[in-house]
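# Descriptive structure summary
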There are 2 protein chains.
Amino acid sequence: MKHPADWMIGKNADNAVVITSRIRLARNLRDVSFPGWAKKTERVEVMNQIRPVVEDLRWMKKAFSQELSELDSMQKQVLVERHLISREQAARAAGSAAVIDRGQRLSLMINEEDHLRMQSIRAGLHLREAHDLLNEVDESLEQELEFAFDRQLGYLTACPTNLGTGMRASAMLHLPALVLSDQIGQVLQAVSKIGLAVRGLFGEGTESLGHLFQISNQSTLGESEDAIINRLERVINQVANHERNARLKMMEEEKGMISDKIGRAYGILSYAQLFDSIEAFAHISLIRLGADLGFFPEETMHMCDSLMMEIQPAHLQMIAGTELEPEKRDIIRAEILRDRLQSLDAPVNNNTNNQAEGDGPDGDHPNE
Amino acid sequence: MKHPADWMIGKNADNAVVITSRIRLARNLRDVSFPGWAKKTERVEVMNQIRPVVEDLRWMKKAFSQELSELDSMQKQVLVERHLISREQAARAAGSAAVIDRGQRLSLMINEEDHLRMQSIRAGLHLREAHDLLNEVDESLEQELEFAFDRQLGYLTACPTNLGTGMRASAMLHLPALVLSDQIGQVLQAVSKIGLAVRGLFGEGTESLGHLFQISNQSTLGESEDAIINRLERVINQVANHERNARLKMMEEEKGMISDKIGRAYGILSYAQLFDSIEAFAHISLIRLGADLGFFPEETMHMCDSLMMEIQPAHLQMIAGTELEPEKRDIIRAEILRDRLQSLDAPVNNNTNNQAEGDGPDGDHPNE
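As the structure is a prediction and not an experimental result, all values here were calculated from the model.

### Comments concerning the overall build of chain A
Across its full length, chain A carries 12 helices and 10 strands. Residues classed as buried in chain A amount to 58% of the 368 residues present. The long-range fraction of contacts in chain A, counting pairs at least 24 apart against all pairs at least 6 apart in sequence, stands at 69%.

Given below as structure tokens:
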């Protein structure tokens, strides 16, 4: 668990715009109080009933299985930063557990808001594959557990917004060009209008960091899982196309501006001595964009995805092996960033009069 | 005239805080209309009377002597950016001329606001030397020209604020630490209260750029030149001491913060592709501060002073040999800065855990 999963750093996936796809299903045991209502002993009973079944799943060989009350807050925060457990679950007391497969693609949370939440994440836009996996998991579990299901309402959930399919499908998109070209408001408004939710990096109520936006379905009722996923994929593809077009247009019409922004991000990351995570995300986002636009080698994108994970507070502390005050974190965050940027050549050729000196395919001569 | 003068780049002077000292004297011919009131023919007559006398001064061998109407606006602007003529004079029509010695320390403007304005500039805090020179110049001129002088009022000038001594003494101070530590308002208020004026880089009505502030005497009447200069030097020394103390305190108590700011300035100057002059000044100012604090070799200060001259709009165009749109200037300005920064090693050692790797005397380890 010390290293991030492949999906976190976008290996082997075309994820220049759609970084990850995620599906989660909410399930509850029949005739048992929901976790928020249940007494502690009931919660522990639920955990003891569900956990062995989950651990027995064929995907869970050598899985990470952990009662959350046994983790300290930093360890829990690491799981939150990896999107493997929710913030809500991290705050929960006794009776809560997480079972995560070795590849960190499948995560089952016991006694979060619901008795069971299962989640699958993939790099790139692969909602269907993620859903197929969860479907299999769900079917396996149903052979051992009896879930609360109503013929009219579908799966019963603690919060009515999850009623029905119990499914939330979402994708994390990197939309720097839409932000830089001031089109983001318009695009996100259009997405909201057709009933999808747009959120920041950590879901509901969080701000967008590093030009990352999460698009997900709002309704779980009255539509099949397939229909929801189809609709979502269509919209995500449209948004991703907007982003790609905005990137191309920027390179054609405002190459100087974008070279400048990427150069500045590179310069600041290379030499600043203090970074809070919000600012760091903003600069890493531009380096990631630069990698897609040919200013850096393509594998730089993976470095950026990895950095976005590593510079988060709990990850920093895990790496340092100790709790750290925010001020100290800002210093270490800057050290990590400077260190990692050293492996990266400057984005632009300073001798801008000599086209022949460019070593990138395209994006290294800003002054035309 | 293509190269900046020594005083502009602070060679051979302790000018870490006080960059330059400047004295100017205003003189008018007796019984002739002031330039703003005079007809064109009168102005030309005045010029033709004064100019040969000025050119004959022993300091003016091989001087630059130029009627301003013969210069294009870019050439005039270069002289303004070097503080060799005033903005007002650059805007004047026929009958205006400037005579500037080869060292660009002595500049005589004919038909500016007054018939004659003589100015002397030095690097560092050397108001008295500058004044001594002007005194000699003044005496030499008085052997050939009859200046309007009233026993009660002293030298008569077009604007009553210059009446009396006709002298304006000023110094340009670099006060980044007072700005960064939020003490600047207080200090400048105190300076204003005792009757001195504080202004930006180009005098009256201009903003402070690059943490540069000009302090000058307000009153020219009722006090001798010596008394004015004494008072001004005392105050300037006090302000400079405040600045030095603020720098020391910052290095002791907030080395991380200041290392960060200097590192960022270095990173941005090294990799940005577009700079307006206001932003460029701000970053160069921090590099200049860094040079004084040991983050860079000391001669970096001269590089900064030189850059502050070179990146101004008219200088940029002079270097390019052609007029340039602001957008194009921003590109060339960034090129010059990147190019010059290449000769400068990074301010801080990235490997902050290994003290032995530091090559600066002091300022290269921000993380304590």
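### So, the packing of helix H10 (residues 300-310) of chain A against helix H12 (residues 326-341) of chain A
All names here are of chain A. For the pair H10 and H12, the least separation of the axes is 11 Å and the interaxial angle reads 165°. Judged by the inter-axis angle, H10 sits roughly antiparallel to H12. Between H10 and H12 the crossing geometry is right-handed. Contact residues: H10 offers Met303, Ser306, Leu307 and Glu310, while H12 offers Ile336, Leu337, Arg340 and Leu341. Along the lines of polarity and charge, the residues of the contact of H10 with H12 split into 5 nonpolar, 1 polar and 2 charged.

### Considering the pattern of salt bridges
By the definition in use, this model includes 34 salt bridges over all chains. One salt bridge in this structure joins A:Glu243 and A:Arg247, with 2.6 Å as the shortest N-O distance. Linking A:Glu243 with A:Arg247, this pair stays in helix H7 (residues 225-253), spanning 4 residues, or about one helical turn. As far as the burial class goes, A:Glu243 and A:Arg247 line up, both buried. Linking B:Glu113 and B:Arg117 is a salt bridge whose minimum nitrogen-to-oxygen distance equals 3.1 Å. Its relative accessible area of 26% is what places B:Glu113 among the partly exposed residues. Among the charged side chains, a network of salt bridges with common partners joins A:Glu112, A:Glu113, A:Asp114 and A:Arg117.

### Re the pairing of strand S1 (residues 18-27) of chain B
Residues and elements named next belong to chain B. The buried fraction of S1 amounts to 10 of the 10 residues, a majority that puts the element mostly inside the structure. The pairing of S1 with strand S8 (residues 167-174) spans 7 bridges and is classified as antiparallel. In the sheet register, Arg22 faces S8, and the bridge partner there is Ser170. With 8 bridges connecting them, S1 and strand S5 (residues 116-123) associate as antiparallel partners. Paired with Ser21 across the bridge in S5 is Arg122.

### Considering helix H11 (residues 313-320) of chain B
Residue and element names in this part refer to chain B. Among the residues of H11, those classed as buried are Ala314, His315, Leu316 and Gln317. For H11, the secondary structure elements touched by its buried residues are helix H2 (73-81), helix H10 (300-310) and helix H12 (326-341). Gly321 sits one or two residues past H11 and shows a positive phi near 75°.

### Considerations on a negative patch on the surface
Together, A:Asp72, A:Glu323, A:Glu325 and A:Glu327 make up a negatively charged patch on the protein surface. With respect to the helices and strands, the residue A:Asp72 is situated in the loop between strand S2 (64-67) and helix H2 (73-81).

### Some points on the sheet that holds strand S3 (residues 97-100) of chain A
All names here are of chain A. Taken in spatial order, the 8 strands make up an open sheet running S2-S3-S4-S5-S1-S8-S10-S9, and their pairing is antiparallel. Each edge of the open sheet is held by one strand with a lone partner, namely S2 and strand S9 (196-199). Strand after strand, the sheet turns through a mean of 15° between neighbouring axes, direction not considered.

### Quick look at the environment of A:Pro35
Residues and elements named next belong to chain A. Considering the arrangement of structural elements, one finds Pro35 in the loop between strand S1 (18-27) and helix H1 (40-56). Residues Pro35 and Val46, 11 residues apart in the sequence, show an inter-C-alpha distance of 8.8 Å. The residues contacting Pro35, other than those within four sequence positions of it, are Asn28, Arg43, Arg92, Asn111, Glu112, Glu113, Asp114 and His115.

### Considerations on the confidence of the model for chain A
Residue and element names in this part refer to chain A. Averaged over all residues, the pLDDT of chain A equals 87, while 89% of them reach at least 70. Highest mean pLDDT in chain A belongs to helix H4 (residues 127-142) (96); lowest belongs to helix H3 (residues 87-90) (75). Scored as a whole, the predicted complex attains pTM 0.84, and scored at its interfaces, ipTM 0.81.

### Side note on the environment of A:Glu223
Residues and elements named next belong to chain A. Along the chain, the position of Glu223 falls in the loop between strand S10 (212-217) and H7. The class of Glu223 is partly exposed, set by a relative accessible area of 25%. Beyond its immediate chain neighbours, meaning those up to four positions away, Glu223 contacts Thr165, Ile228 and Arg231. At 3.2 Å, the side chain of Glu223 forms a polar contact with the side chain of Arg231.

### Some points on the nonpolar core
Ranked by internal contacts, the top residues of the largest apolar core, which has 184 residues, are A:Leu108, A:Leu141, B:Leu108 and B:Leu141. Look past the residues within four positions of A:Leu141 in its chain and what remains in contact with it is A:Val53, A:Val54, A:Leu57, A:Leu108, A:Leu116, A:Met118 and A:Phe147.

### Quick notes on unusual backbone geometry
Residue and element names in this part refer to chain B. Positioned with a positive phi, Asp31 is a non-glycine residue whose angle comes to about 60°. Inspection of the secondary structure assignment puts Asp31 in the loop between S1 and helix H1 (40-55). Assessed through its relative accessible area of 77%, Asp31 is described here as exposed. Within the chain, Asp182 stands out as a residue other than glycine whose phi angle is a positive 60°. Along the chain, Asp182 turns up in the loop between helix H5 (176-180) and helix H6 (184-193).

### Quick notes on the side chain of B:Ser277
When you line up the elements, B:Ser277 lands in helix H9 (residues 277-292). Beyond its immediate sequence surroundings of up to four residues, B:Ser277 is in contact with B:Ile311 and B:Arg333.

### Description of the packing of aromatic side chains
Evaluated as defined, the whole model comprises 6 aromatic pairs over all chains. An angle of 70° between the planes, with centres 4.9 Å apart, marks the rings of A:Phe149 and A:Tyr155 as edge-to-face. A:Phe149 gets classed as partly exposed once you look at its relative accessible area, which sits at 42%. These aromatic residues form a ring-pair network of at least three members: A:Tyr266, A:Phe296 and B:Tyr271.

### Some remarks on the sheet that holds strand S2 (residues 64-67) of chain B
To summarise the sheet geometry, strands pair through backbone hydrogen bonds and adopt either a parallel or an antiparallel arrangement. Residues and elements named next belong to chain B. Taking strand neighbours across the sheet as the criterion, the 8 strands line up as S2-S3-S4-S5-S1-S8-S10-S9 in an open arrangement whose pairing is antiparallel. Here the strands that pair on one side only, and so sit at the sheet edges, are S2 and strand S9 (196-199). Going across the sheet, the axis of each strand differs from the next one's by a mean of 15°, ignoring polarity. Relative to strand S3 (residues 97-100), S2 runs antiparallel, the two sharing 4 bridges.

### Points about the packing of helix H9 (residues 277-292) of chain A against H10(A)
Residue and element names in this part refer to chain A. Contact pair H9 / H10: the axes reach a minimum separation of 8 Å and the direction vectors enclose 160°. As far as their axial angle goes, H10 and H9 are roughly antiparallel. Crossing angle aside, the handedness with which H9 passes H10 is left-handed. Contact with H9, carried on its side by Phe281, Ile284, Ser285, Ile287, Arg288, Ala291 and Asp292, involves Thr300, Met301, Cys304, Asp305, Leu307 and Met308 of H10 and no other residues of that element. Here the residues of the contact of H9 with H10 are counted per class, giving 8 nonpolar, 2 polar and 3 charged.

### Description of the environment of A:Thr300
Along the chain, A:Thr300 turns up in helix H10. What A:Thr300 contacts, discounting residues up to four positions off in sequence, is A:Ile287, A:Ala291 and A:Leu344.

### A look at the side chain of A:Arg22
Residue and element names in this part refer to chain A. The residue Arg22 is located in strand S1 in this model. Within the structure, Arg22 has its side chain in polar contact with the side chain of Gln214 (distance 3.4 Å). Look past the residues within four positions of Arg22 in its chain and what remains in contact with it is His83, Gln119, Ser120, Ile121, Leu127, Arg168, Ala169, Ser170 and Gln214.

What counts and what doesn't
Just so you know, the residues in each chain are numbered from 1, in the order the chain's sequence is written. Both sets of labels track the order of writing: A upward for chains, 1 upward for ligands. Only residues with pLDDT of 70 or above have their local features reported here, since the model is predicted, and side-chain atom pairs are shown and tallied only from 80 upward, although totals for entire chains, interfaces and linings are computed over all residues. Hydrogens and water are ignored here; the side-chain numbers use all heavy atoms of the structure. Secondary structure elements follow DSSP: runs of H or I no shorter than four residues count as helices, runs of E no shorter than two count as strands, and numbering proceeds from the N terminus. Accessibility here uses a 1.4 Å probe with only protein chains present; expressed as a share of the type maximum, an area under 20% marks a residue as buried, one over 50% as exposed, and anything in between as partly exposed. It only takes one pair of heavy atoms within 4.5 Å for two residues to be counted as in contact. All axes here are fitted lines through C-alpha atoms, helices being fitted over the stretch that makes contact, and every angle between N-to-C directions spans 0 to 180 degrees. Angular relationships are summarised with four words: roughly parallel below 35 degrees, roughly antiparallel beyond 145, roughly perpendicular across 65 to 115, and oblique for the angles in between. Crossing handedness is defined as follows: a turn of the near helix away from the far one that is anticlockwise and smaller than a right angle gives a left-handed crossing, while the clockwise case is right-handed. Each residue is assigned to one class: nonpolar for Ala, Val, Leu, Ile, Met, Phe, Trp, Tyr, Cys and Pro, charged for Asp, Glu, Lys and Arg, and polar for all the others, Gly among them. Here, a salt bridge means any side-chain nitrogen of Lys or Arg that lies within 4 Å of a carboxyl oxygen of Asp or Glu. Each pair of strands is called paired provided DSSP finds at least two bridges between the two strands. Only residues whose relative accessible area exceeds 30% and that form no salt bridge are eligible for patches; like-charged ones are grouped when within 9 Å, while nonpolar side chains (Val, Leu, Ile, Met, Phe, Trp, Tyr) are grouped when within 5 Å. Working definition of accessibility: Shrake-Rupley area with a 1.4 Å probe, residue cover restricted to the visible protein chains. Within this scheme the basic residues Lys and Arg register as positive and the acidic residues Asp and Glu register as negative, but His and the chain ends are omitted. Taken as the charge centre is NZ of Lys, CZ of Arg, CG of Asp or CD of Glu, depending on the residue. Every residue is assigned a pLDDT by the predictor, reflecting its confidence on a scale from 0 to 100. Under the rule applied, a polar contact is a pair of N or O atoms within 3.5 Å (in protein, one hydrogen donor and one hydrogen acceptor; residues adjacent in sequence only if both atoms are side-chain atoms). Remark: nonpolar core denotes a set of buried residues (Ala, Val, Leu, Ile, Met, Phe, Trp, Tyr, Cys) joined through side-chain atoms within 4.5 Å. Aromatic pairs are defined between Phe, Tyr and Trp rings, using the six-membered ring for Trp, whenever the two ring centres lie within 6.5 Å; interplanar angles under 30 degrees are classed as stacked, those over 60 as edge-to-face, and all others as tilted.

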